[in-house]
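Observations on chain architecture
Okay, here's what each chain looks like letter by letter:
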Amino acid sequence: MPSLGLVNIGALATGALSAPRGDADSLLAEDGRIVALGPASRTGAAGADVVVDCRGTTVIPGLIDSHCHVVLGDYTPRQKTVDFLDSYVHGGITSVVSAGEGVHAPGRPHDPAASKALAIAAAKCFEHFHPNGMKVNAGSVVLEPGLTEDDFAEMARHGVRHAKYGFGGYAHPRDGEPEVRRAQKHGLCVMSHSGGNSIPGSSPITHDVLLHLRPDVCGHVNGGTTSLDEDGLRAIVAQTDMTLQIVQAGNLRSALFIVKIAREAGALSRVCVASDTPTGTGVMPMGVLKSVCELASLGDLAPEVVIALATGNNARAFRLAASGTLAVGQPADLVVCDAPAASLAADAFSAIARGDIPGISAVVIDGRVQVGRSRNTPLAKRLADIRFGGGPEMAPTPPTLGSSRH
Ligand SMILES: [Zn+2]
C-alpha cells in the first residue's frame, strides 16, 4: 500500500496520559503503521507516496468511542439512521467499541442462546466491515441468566471480547454476579450500566450493586442518562480500581465532578471518554469531540490530557489491539485539525481549551486518508493540503475513497 507522510505538524497530542504532548513535526507511515516520528529531515515524510501538509496545524490520535450502540451494519435501529458510523469518522472517531449489540437489536429475546449468537455474529461481521475505514470492535455479549462456562469459552474462541451488563433478564441487578465472573474468567472486558435506568428494559444500578458486581468498567458513570449520586461516585473512585467511563449522553455536571475527584485521587488513568450514542440523545458524530471540549474548558484539564482520556485510556481499558497513541509501531489512525475559522483561538489546543470544537481537515485510518475536510465539524482556520500519488492535487473536500477498507 502507498506510504503516507505528514509534514509541517504544528502541535501533536500523543494519546498517552504519561506524556500527552509530542514535539515531532513530521510522521511517516508504511503498510498502515507509524514507522517514524520526528524532524522531517530524519523521517523522510515529504517523500512519501501520499503527503499531508498539515500547514502548522495539530495532529491528534484518532478518537475512540468506547460506548457506541452498533447492532449490525451501518444502521442504528434506535434512531432509524443509516451511515452513522461513516459520519462518526467525520467527527474524528476512527474506532468504536460496541456497548452490546443486543441492547438495541429490535425484538431481542432474553435467552442465553440468542445473546451468544448475536455477539458472535456481530464480532465476525464487523471483522470484515469497516464503514469509511472505521474499526468497529463488536461482539459485546449482553449478559443473561444461564450463560454457562462453555458459552463464554465458545464466545471467546469466536472473537467476542466484551460483555455488557444491565440489560439481561435478572430479577435484581445483583443477581448477575456469577455471569460477570464467568465472562471475566474467559478474558472478556465487562462493562456495566451504572446509574438510573435508560431505555425501557434496563434497570437502575446503584453504587453498592457495582461494588458487588465488580465489572471492569463502570459504563456511563456520569449517567446514561441519570447519574449515580455524589456519595456513590466517591465510593466508586475511592474503593475500587474500575474504569470510569464519562459519556457525552450523560450528565455534564456529574462528569465534571467525576473528573475532579478522580484527579484528586490520582486516578485520571482510570477515566475514559465516550459518546454513548446513538441513543435517545441522538446520533452524534461529534459526541466524543464535544466531550473533549467540555471537559477541557469546564473541567480545568489540558486539552492533550483530555485527548488521552478519549484515545489511549480507552484502548487500554477496553484491551484493544492498538494502543490509541501516536507512536512508532502503532497503526496510523489520526486526525489533523485546527481552530475553527471564527474562533478567537489560534490553534486547535487553544480552541479546545476555550470549548470551541476544532475543524477537522483530514482523518487517517491505517495510514489511509479516509476523510479530507470534515462534513461535520466547523471549517478549520487552516486546512491541510493532501497530495496523492506525487501530483500537486489538493483535497479541500472529502475525497471519495469508498466505504470499506476491504
Ligand atoms: Zn449505552
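Notes on the structure follow. These figures come from a predicted structure and were not determined experimentally. Sequence order as written defines residue numbering, which begins from 1 separately in each chain. For a predicted model such as this one, the threshold for reporting local features is a pLDDT of at least 70, and the threshold for listing and counting side-chain atom pairs is 80 or more; totals across whole chains, interfaces and linings nevertheless cover every residue. Excluding hydrogens and water, the side-chain values take into account all heavy atoms of the structure.

1. Let's talk about the sheet that holds strand E11 (residues 93-98)
As a reminder of what qualifies: At least two DSSP bridges between two strands are needed for those strands to be called paired. Runs of H or I in DSSP of at least four residues are treated as helices and runs of E of at least two as strands, each being numbered from the N terminus. For helices, the fitted axis covers only the stretch in contact; all axes are lines through C-alpha atoms, and the angles between them, taken along N-to-C directions, range from 0 to 180 degrees.
The strand order E8-E11-E12 describes an open sheet built from 3 strands, whose pairing is parallel. What marks the edges here is a single partner per strand, and that holds for strand E8 (63-68) and strand E12 (135-137). Put simply, the sheet's adjacent strands are angled 20° from each other on average, direction ignored. Pairing between E11 and E12: 3 bridges, direction parallel. Each bridged residue has a counterpart across the sheet, and for valine 96 the counterpart in E12 is valine 136.

2. Description of the environment of histidine 220
Here is the rule we go by: Per-residue accessibility, obtained with a 1.4 Å probe over protein chains only, is compared with the maximum for each type, and a residue is labelled buried under 20%, exposed over 50%, and partly exposed between these values. By definition, residues are in contact when any of their heavy atoms lie within 4.5 Å.
Tracing the backbone through its elements, the reader meets histidine 220 in the loop between strand E16 (217-218) and helix H8 (230-239). On the accessibility criterion, histidine 220 (2% relative accessible area) is buried. The sequence separation of histidine 220 and leucine 244 amounts to 24 residues, and the corresponding C-alpha distance is 7.6 Å. What histidine 220 contacts, discounting residues up to four positions off in sequence, is His67, His193, Ser194, Gln245, Val247 and Asp276.

3. Some words on the state of the cysteines
The cut-off we apply is this: For the purposes of this analysis, a disulfide is any pair of cysteine sulfur atoms at a distance within 2.5 Å.
With the rule as written, the count across this model stands at 0 disulfides. With no disulfide of its own, cysteine 54 has cysteine 337 as its nearest cysteine by sulfur position, at a separation of 9.7 Å. Looking at cysteine 54, the relative accessible area reads 0%, which means it is buried. Cysteine cysteine 293 is unpaired, with the sulfur of cysteine 337 as its nearest cysteine sulfur at 9.3 Å. Judged by its relative accessible area of 2%, cysteine 293 falls in the buried class.

4. Description of the coordination of the zinc ion
Put simply, the rule is: Each metal's donors are the N, O and S atoms found within 2.8 Å of it, except that Na, K and Ca use a 3.2 Å limit; water is left out, so coordination can look incomplete.
Protein coordination of the zinc ion is provided by His67 (NE2), His69 (NE2) and Asp276 (OD), with donor distances spanning 2.1 to 2.3 Å. Counting along the primary sequence, the residues that act as donors to the zinc ion give the motif H-x1-H-x206-D. Here histidine 67, found in strand E8, pairs with aspartate 276, found in the loop between strand E18 (271-274) and helix H10 (287-299); they are 209 residues apart in sequence, far enough to count as distant. Of the two residues, histidine 67 and aspartate 276, both sit in the buried class.

5. Topic: the pattern of salt bridges
In plain terms, the rule: By convention in these notes, a salt bridge is any Lys or Arg side-chain nitrogen within 4 Å of a carboxyl oxygen on Asp or Glu.
Overall, the coordinates contain 18 salt bridges when judged by the stated rule. With a shortest N-O distance of 3.4 Å, lysine 260 and glutamate 264 are connected by a salt bridge. Of this pair, lysine 260 and glutamate 264 both sit in helix H9 (residues 252-264), 4 residues apart, which is roughly one turn of the helix.

6. Comments concerning the side chain of aspartate 65
To keep it simple, the criterion reads: Working convention for charge: Lys and Arg count positive, Asp and Glu count negative, and His plus the chain ends are omitted. Definition of a polar contact: a pair of N or O atoms within 3.5 Å, with one able to donate and the other able to accept a hydrogen when the atoms are protein atoms, and with sequence-neighbouring residues admitted only if both atoms are side-chain atoms.
Turning to its location among the elements, aspartate 65 is positioned in strand E8. Although aspartate 65 lies buried, it forms no salt bridge, and the closest oppositely charged side chain, lysine 164, sits 11 Å away as judged by the N-O distance. A polar atom in the side chain of aspartate 65 sits 3.1 Å from the backbone nitrogen of histidine 67. Excluding residues within four positions of it along the chain, aspartate 65 makes contact with Tyr88, Ile93, Ser95, Val96, Val97, Ala274, Ser275, Asp276, Thr277 and Val288.

7. Details of the nonpolar core
This is how the line gets drawn: We define the nonpolar core as a collection of buried residues of types Ala, Val, Leu, Ile, Met, Phe, Trp, Tyr and Cys that are connected through side-chain atoms lying within 4.5 Å of one another.
One finds Val70, Leu85, Val141 and Leu143 to be the most contacted residues of the largest nonpolar core, which totals 79 residues. Discounting chain neighbours no more than four positions away, the residues touching valine 141 are Ser115, Lys116, Ala119, Leu147, Phe152, Met155, Val160, His162, Ala163, Lys164 and Leu188. Within the second largest apolar cluster, 21 residues are counted, among which are Leu6, Ala332, Ala384 and Ile386.

8. Quick word on H9
Here is the rule we go by: Helix span, as expected, comes to 1.5 Å for every residue beyond the first.
For H9, spanning 13 residues, the distance from its first C-alpha to its last is 18 Å, which sits close to the expected 18 Å at 1.5 Å a residue. When we look at burial in H9, the residues that qualify are Ser254, Ala255, Phe257, Ile258, Val259, Ile261 and Ala262. Where H9 is buried, its residues meet H8, strand E17 (243-247), E18 and H10. Put simply, asparagine 251 is the residue that caps the front of H9, since its side-chain oxygen is 2.9 Å from the backbone nitrogen of arginine 253. After H9 finishes, the residue glycine 266 shows a positive phi value of roughly 65°.

9. A closer look at the pairing of strand E7 (residues 58-61)
Side-chain alternation along E7 places Thr58 and Ile60 on one buried face and Val59 and Pro61 on a second face that is also buried. Alignment of strand E2 (residues 11-13) against E7, held across 2 bridges, turns out to be parallel. Its bridge partner lying in E7, alanine 11 is registered against threonine 58. Both E7 and strand E19 (residues 334-338) contribute to a ladder of 4 bridges, which runs antiparallel. Note that in E19 the partner of threonine 58 across the bridge is cysteine 337.

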